[in-house]
Structures are given as structure tokens and as C-alpha cells.
Amino acid sequence: MSVITITDRVLPGMRQRRWGRIITSTSSGVVAPLPNLAVSNALRLSLVGWSKTLAREVAREAVTVNIIVPGRIATA
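Residues numbered from 1 in each chain as written. Predicted model: local features only at pLDDT ≥ 70, side-chain atom pairs only at ≥ 80, totals over all residues. Heavy atoms only, no water.

A. The overall build of the protein chain, seen in detail. Scanning the protein chain for helices and strands turns up 2 helices and 2 strands. Counting from the amino terminus, the protein chain carries its helices and strands in the arrangement α-β-α-β. Computed over the C-alpha atoms, the radius of gyration of the protein chain is 14 Å, more than 25% above the 11 Å expected from 2.2 N^0.38 for a compact globule of 76 residues. Counting across all 76 residues of the protein chain, residues that qualify as buried make up 29%. Pairs at least 24 residues apart make up 65% of the contacts formed inside the protein chain by residues separated by at least 6 positions. (Helix = DSSP H or I, 4+ residues; strand = E, 2+ residues; numbered from the N terminus. Rg over C-alpha atoms; globule rule 2.2 N^0.38 Å. Buried < 20%, exposed > 50% of the residue type's maximum accessible area, 1.4 Å probe, protein only. Contact = heavy atoms within 4.5 Å.)

Here you go:
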């Protein structure tokens, strides 16, 4: 809910200025669900749905909403 709460606080100013960017980072679990993380996978997909809905609602006011989905990085 923190992502939604923060967005709710900054969005009115973006709409008033008719410009803004909302960028949300989530997990690659939205593309290919991660094993043993059923609840996390489901909640992250909800965030994707929320972001898509928000993008359509604010596009006319020149506010862009995007999601970045970093994957795993193989390291030693």
C-alpha cells in the first residue's frame, strides 16, 4: 500500500501541472511466477493492474505511469 499512498500524495500536483512520471519497480515474478512465493507473486500482479489502470486514468493529463521489472542478476 505504500506505493499507492505515496502516489496519492504526489499525483494531485502532477495533474495540476499537467506533467509527471510515476515509475514503479516490481519483481520479475510478474512475468514468470517465482516458486514458493505465491502470495508475493499475486500481490505484485495486483500492482501491475493498479499501474495499468492509473496510466489510463492520468494519460490525458500528461502523467506517465510505468513499471520496471528487474530480473535476477547472477553474481558470485
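Next, the rest of the story.
B. Geometry of the environment of Arg 44. Position of Arg 44 relative to the elements: it lies in helix H2 (residues 38-58). Sequence separation of Arg 44 and Gly 29 is 15 residues, and the distance between their C-alpha atoms is 7.5 Å. The contacts of Arg 44, once residues within four sequence positions are left out, are Thr 26, Ser 27 and Val 30.

C. Seen up close, the environment of Leu 37. You can see Leu 37 is positioned in the loop between strand S1 (20-25) and H2. Overall, the relative accessible area of 36% leaves Leu 37 in the partly exposed class. Taking the C-alpha atoms as reference points, Leu 37 and Ile 67, separated by 30 residues in sequence, lie 20 Å from one another.

D. Highlighting the nonpolar core. One finds Leu 11, Met 14, Ile 22, Leu 47, Trp 50, Leu 54, Val 58, Val 63 and Val 65 forming the largest nonpolar core, which totals 9 residues. Within the residue set of this core, elements represented by two or more residues are helix H1 (2-17), H2 and strand S2 (63-68). No other element matches H2, which puts 4 residues into this core. Beyond its immediate chain neighbours, meaning those up to four positions away, Leu 47 contacts Val 3, Thr 24, Thr 26 and Ile 67. (Core = buried A, V, L, I, M, F, W, Y, C linked by side-chain atoms within 4.5 Å.)

E. View of unusual backbone geometry. In this model, Arg 18 sits at a positive phi of 60°, which is unusual for a non-glycine residue. Along the polypeptide, Arg 18 turns up in the loop between H1 and S1. One non-glycine residue with positive phi stands out, namely Asn 36, at about 65°. Positionally, Asn 36 belongs in the loop between S1 and H2.

Function cannot be inferred from these measures alone, as they are strictly geometric.
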